[in-house]
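# Coordinate inspection notes
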Amino acid sequence: MRKGRFSQYGGQYAPETMMGALQELEREYRRWRNDPTFEAELAALLKNYAGRPSLLYYAEKMTRDLGGAKIYLKREDLNHTGSHKINNVLGQTLLAKKMGKTRVIAETGAGQHGVATATAAALMDMECEVFMGKEDTARQALNVYRMQLLGAKVHPVTSGTQTLKDAVNETMRAWVTRIADTHYVLGSVMGPHPFPTIVRDYQRIIGAEIKAQILAAEGKLPAAILACVGGGSNAIGAFYDFITDQSVRLIGCEAAGRGVDTAETAATIATGKVGIFHGMKSLFCQDDFGQIAPVYSISAGLDYPGIGPEHAMLWEKGRAEYVPVTDDEAVAAFEYLSRTEGIIPAIESAHAVAHAMTIAKEMTPEQIIVINLSGRGDKDVAAIARYKGVSLYE
Ligand SMILES: *Cc1c(COP(=O)(O)O)cnc(C)c1O
């Protein structure tokens, strides 16, 4: 495989002004990757600060209720700051520190990645600035204040659709104007090489833990692992250590929004075409002229018009499956898991729960399903109430 390529996908389609920074990042990443001191420091942060390993929980009531496969939940929602994002952020911020950087910048959609980055920056004494679409700063005002409490500066982005893709553009632009002291903590398995590889390596711990935990609990591998897919970091993290285990189905759940046959969707595999955007070759939702299409999902974390290049490869090779899940199905699963197991999932994660509910019924009790619960749902409660027409604070 060529450097930074996943079959035809990936690569490094970056402006000249960014190339020096990307080359420095790759060099330093290689240098620290297998350094025992770095590994020990990161392992200690993940254990003592983020709370790893996260639980692999047997959802007994859900299993009994659906009457098919045995269902386990990988509880990334229990990590500090409430999602899988912290795994990658601790890795990249520690790397930035080793590189001698004193400032980190990040894009954020719903604010989960921004909050995680602001958190790591506070802990490791780094300056932090977060770029967030103006539309999203309004929708997620509480997360903006959370980042400010953590000492970060939040920049509302007013270009384009004022959402996540525009925040990525703006963060890339800000990076090239100040590379010497600044590291860009990219939040998913996307962007130009080496980001998709670095982020995957820092999220890989999810699947490594699942493997050890399921073997200890059941003495065998699961029949399927399900995860929601925005850029694809929690999914690739859960999948990676199982790629060579051909008996394990890997299922990514995309946000179909109001349906893949409408314009209000973010299902990249179902509706996208090959293109180049944000420094990588991959699949993107786009119009007939190749312009990136506006995307929509109830879930701000899945509201991205592309997918990480490694997923595009796994899909093309037929090693992983990708299915669209609508807003309605995700909201129903959000309510179902809350009521059945007493666990309120992130609306992103609810997309994976929804598809698991569909396939579990068609499977046998000897078969195991693992759902990666990428985050907790506290942040979504107000939006779900709005969706359901429930008025709060009467
Ligand atoms: C950000 C986020 C996602 C989507 O990002 P991926 O890179 O696709 O994992 C999913 N779930 C939660 C809880 C998130 O915060």
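Predicted model only: the values in this text are computed from it and were never measured.

The strand order across the open sheet formed by 4 strands is 7-6-5-8, and the pairing between neighbours is parallel. Whereas interior strands pair on both sides, the edge strands pair on one side only; in this sheet they are strand 7 (153-157) and strand 8 (182-184). This sheet shows a mean twist of 20 degrees between the axes of neighbouring strands, independent of strand direction. Sheet topology places strand 6 (residues 127-133) next to strand 7; 5 bridges connect them, and they run parallel. Residue E129 lies in a different strand from strand 7, and its bridge partner there is K153.

This part takes up the site of the ligand. Around the ligand there are 18 residues in total, and K85, S188, G230, S233 and S374 lie nearest to it. In the model, an oxygen atom of the ligand is placed 2.8 Å from a nitrogen or oxygen of the G232 main chain. Coverage of the ligand by the protein chains reaches 96% of its 380 Å² of free accessible surface. Put simply, the ligand lies in the largest cavity. Across the shell around the ligand, the residue classes break down as 4 nonpolar, 12 polar and 2 charged.

Our focus in this paragraph is the layout of surface pockets. Empty space among the atoms becomes visible once a probe the size of a water molecule is rolled across them. When its volume is computed, the largest pocket comes out at roughly 700 Å³. Taken together, 30 residues make up the lining of the largest pocket; nearest its centre are R139, Q140, K379, D380 and A383. Among the elements of the structure, helix 5 (112-123), helix 7 (141-149), helix 15 (347-360) and helix 16 (381-388) are those that each provide at least two residues to the lining of the largest pocket. The element that contributes the greatest number of residues to the lining of the largest pocket is helix 16, accounting for 5 residues. Class assignment of the residues belonging to the lining of the largest pocket gives a composition of 14 nonpolar, 8 polar and 8 charged. Quantified by volume, the second largest pocket comes out at close to 350 Å³.

Here we take up the sheet that holds strand 10 (residues 249-257). Taking strand neighbours across the sheet as the criterion, the 6 strands line up as 3-4-14-9-10-13 in an open arrangement whose pairing is mixed. Each edge of the open sheet is held by one strand with a lone partner, namely strand 3 (56-58) and strand 13 (320-326). Mean inter-strand twist for the sheet, computed between neighbouring axes without regard to direction, equals 25 degrees. When strand 3 meets strand 4 (residues 70-75), the two strands line up antiparallel, connected through 3 bridges. From the neighbouring strand, Y58 faces strand 4, where its bridge partner is Y72. The sheet strands contacting helix 10 (residues 205-218) are strand 3, strand 4 and strand 14 (368-373), and the helix crosses strand 4 at an angle near 140 degrees.

With that out of the way, let us pick up the packing of helix 2 (residues 36-50) against helix 4 (residues 85-98). Axis separation between helix 2 and helix 4 bottoms out at 10 Å; the angle between their running directions is 140 degrees. Classified by the interaxial angle, the pair formed by helix 2 and helix 4 is oblique. The chirality of how helix 2 crosses helix 4 is right-handed. From helix 2, F38, E41, L42, L45, L46, Y49 and A50 reach across to helix 4, where they touch I86, N87, L90, G91, L94, L95 and K98. Residue composition of the contact of helix 2 with helix 4, by class: 10 nonpolar, 2 polar and 2 charged.

Looking at the element boundaries, S282 is found in strand 12 (residues 280-284). Of the polar contacts made by the side chain of S282, one reaches the backbone oxygen of I307; its length is 2.6 Å. Leaving out residues up to four positions away in the same chain, S282 has contacts with Y9, K273, V274, G275, I307, G308, P309 and A312.

Rules and cut-offs
- Numbers given for residues are sequential positions, taken from 1 along each chain in its written order.
- In keeping with the model being predicted, local features are shown solely for residues with a pLDDT of at least 70 and side-chain atom pairs are shown and tallied solely at 80 or more, while totals for entire chains, interfaces and linings include all residues.
- Side-chain metrics in this entry use all non-hydrogen atoms of the structure; hydrogen atoms and water are not considered.
- A pair of strands is treated as paired once DSSP finds two or more bridges between them.
- What counts as a helix is a DSSP run of H or I of at least four residues, what counts as a strand is a run of E of at least two, and both are numbered from the N terminus.
- The axes used here are C-alpha line fits, helices contributing only the stretch in contact, and every angle between their N-to-C directions lies in the interval 0 to 180 degrees.
- For this purpose, a residue is taken to be near a molecule or strand whenever a single non-hydrogen atom of the residue falls within 4 Å of it.
- Polar contacts, as counted here, are pairs of nitrogen or oxygen atoms within 3.5 Å of one another; within protein the pair requires one atom able to donate a hydrogen and one able to accept it, and residues that are adjacent in sequence qualify only if both atoms are side-chain atoms.
- Working definition of accessibility: Shrake-Rupley area with a 1.4 Å probe, residue cover restricted to the visible protein chains.
- We place a 1 Å grid over just the protein atoms. Points where a 1.4 Å probe fits but has no way out form a cavity, open points with protein on both sides within 12 Å along at least 5 of 7 lines form a pocket, and any residue with an atom within 4 Å of a point lines it.
- Molecule-in-pocket calls rest on the fraction of atoms, with more than half required to lie within 2 Å of the cavity or pocket grid points.
- We call Asp, Glu, Lys and Arg charged. Ala, Val, Leu, Ile, Met, Phe, Trp, Tyr, Cys and Pro are nonpolar, and the rest, Gly among them, are polar.
- Grid points are joined across faces, edges and corners, and a volume is the space filled by probe spheres set on the points.
- Note on contacts: a residue pair is in contact if any heavy atoms of the two residues lie within 4.5 Å.
- Roughly parallel refers to an angle under 35 degrees, roughly antiparallel to one over 145, roughly perpendicular to one between 65 and 115, and oblique to any angle outside these ranges.
- For any pair of crossing helices, the crossing counts as left-handed if the nearer helix is rotated counterclockwise from the farther one by less than a right angle, and right-handed if it is rotated clockwise.

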